[in-house]
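# Notes for the structure review
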Amino acid sequence: MKKLFFLLVLGQSLICEAQKDCEYSSNGTDDIGTYKATKDYIIHERNFGSTQATLFFSLINADGLPSLKVQMIQKSNDFIAAKCFDKNSKIILQLNDGKVVTLIALDNEVCAESIRSENANNRVLTGYFLFMKDSFEALKSSSVSILRIKFTTETVDYVLKEELLSEIDAKTYLPATYFANYLKCILN
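This write-up is about the structure you can find in this document. Everything numeric in this text was worked out from a predicted model, so none of it was measured.

Under the defined criterion, the tally for this structure stands at two disulfides. Here cysteine 22 is linked by a disulfide to cysteine 185, with a sulfur-sulfur distance of 2.0 Å. Handedness of the cysteine 22-cysteine 185 disulfide follows from its S-S torsion of about -90°: it is left-handed. Linking cysteine 22 in the loop between α1 (2–18) and β1 (24–29) with cysteine 185 in helix α4 (residues 184–187), this pair joins segments that are 163 residues apart in sequence. A residue is classified by how much of its surface remains accessible, and cysteine 22, at 30% relative accessible area, is partly exposed. Judged by relative accessible area, cysteine 185 falls into the buried class, the value being 1%. Here cysteine 84 engages in a disulfide with cysteine 111; their sulfurs sit 2.0 Å apart. Disulfide cysteine 84-cysteine 111: torsion about the S-S bond near 105°, hence right-handed. With cysteine 84 in strand β6 (residues 84–86) and cysteine 111 in strand β9 (residues 109–111), this residue pair connects regions lying 27 residues apart in the sequence. Across the chain, the disulfide pattern expressed with sequentially numbered bonded cysteines is 1-4, 2-3.

Quick look at the pattern of salt bridges now. Per the stated rule, a full pass over the model turns up five salt bridges. Linking glutamate 154 and lysine 83 is a salt bridge whose minimum nitrogen-to-oxygen distance equals 2.5 Å. Placement of the pair is glutamate 154 in the loop between β12 (144–150) and β13 (155–159) and lysine 83 in the loop between β5 (65–76) and β6, with a sequence separation of 71 residues. Residue class for lysine 83 comes out buried when judged on its relative accessible area of 16%.

A few words now on unusual backbone geometry. In this structure, aspartate 63 is a non-glycine residue whose phi angle is positive, near 55°. Structurally, the position occupied by aspartate 63 is in the loop between β4 (51–62) and β5. Exposure remark for aspartate 63: the relative accessible area of 53% places this residue in the exposed category. Of note in this structure, alanine 170 is not a glycine but carries a positive phi near 60°. You can see alanine 170 is positioned in the loop between β14 (164–165) and β15 (172–173).

Take the nonpolar core next. If you look at the biggest cluster of nonpolar residues, it comprises 39 residues, and the most contacted ones within it are Leu93, Leu147 and Phe179. In terms of residue count, the dominant contributor to this core is β4 (four residues). Residues contacting leucine 147, with those up to four places away along its chain left out, are Ile43, Leu55, Phe57, Ile91, Ile92, Leu93, Val156, Asp157, Tyr158 and Leu160.

Definitions and limits used
- Residues numbered from 1 in each chain as written.
- Predicted model: local features only at pLDDT ≥ 70, side-chain atom pairs only at ≥ 80, totals over all residues.
- Heavy atoms only, no water.
- Disulfide = S-S within 2.5 Å.
- Helix = DSSP H or I, 4+ residues; strand = E, 2+ residues; numbered from the N terminus.
- Buried < 20%, exposed > 50% of the residue type's maximum accessible area, 1.4 Å probe, protein only.
- Salt bridge = Lys/Arg side-chain N within 4 Å of Asp/Glu carboxyl O.
- Core = buried A, V, L, I, M, F, W, Y, C linked by side-chain atoms within 4.5 Å.
- Contact = heavy atoms within 4.5 Å.

So this is what it looks like as structure tokens:
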């Protein structure tokens, strides 16, 4: 009986851990429509010497249209070349089950803004990407192994970690299972 109780408690705690709570930066309805956006989530982080690059995702639902906000923040003591998104930009996700999911750019063209501080150069690039209709089930059921971003002039691959301990905020993130954990927040 004690073993059965222990297994029941363990199973319940694993289920609770697997279900991530939805945290929103915006969630409201007004006379224009409805808008829901999850908080920014670190997907990739690279720190090397005086150079830092961080990639954030946020899921958005604006009047029933689900999309992905991608934001890249780069900091360096050296010059940082501007990256841009255009109408041909894409996000390509290689899933662990072998499927490939593609998201297409929403904006015509947007380039990283330069923000100069006293001791570093900074660039911030924000773009929005639309999901294809049949991609939700694949993203909810499998983790992502490789993220490919097609910028205007180059394509960059990012290997997503199962677990990422951020040097920025010392929090633990789960980039590979981001969509499996948080798509429900904008599809309900």
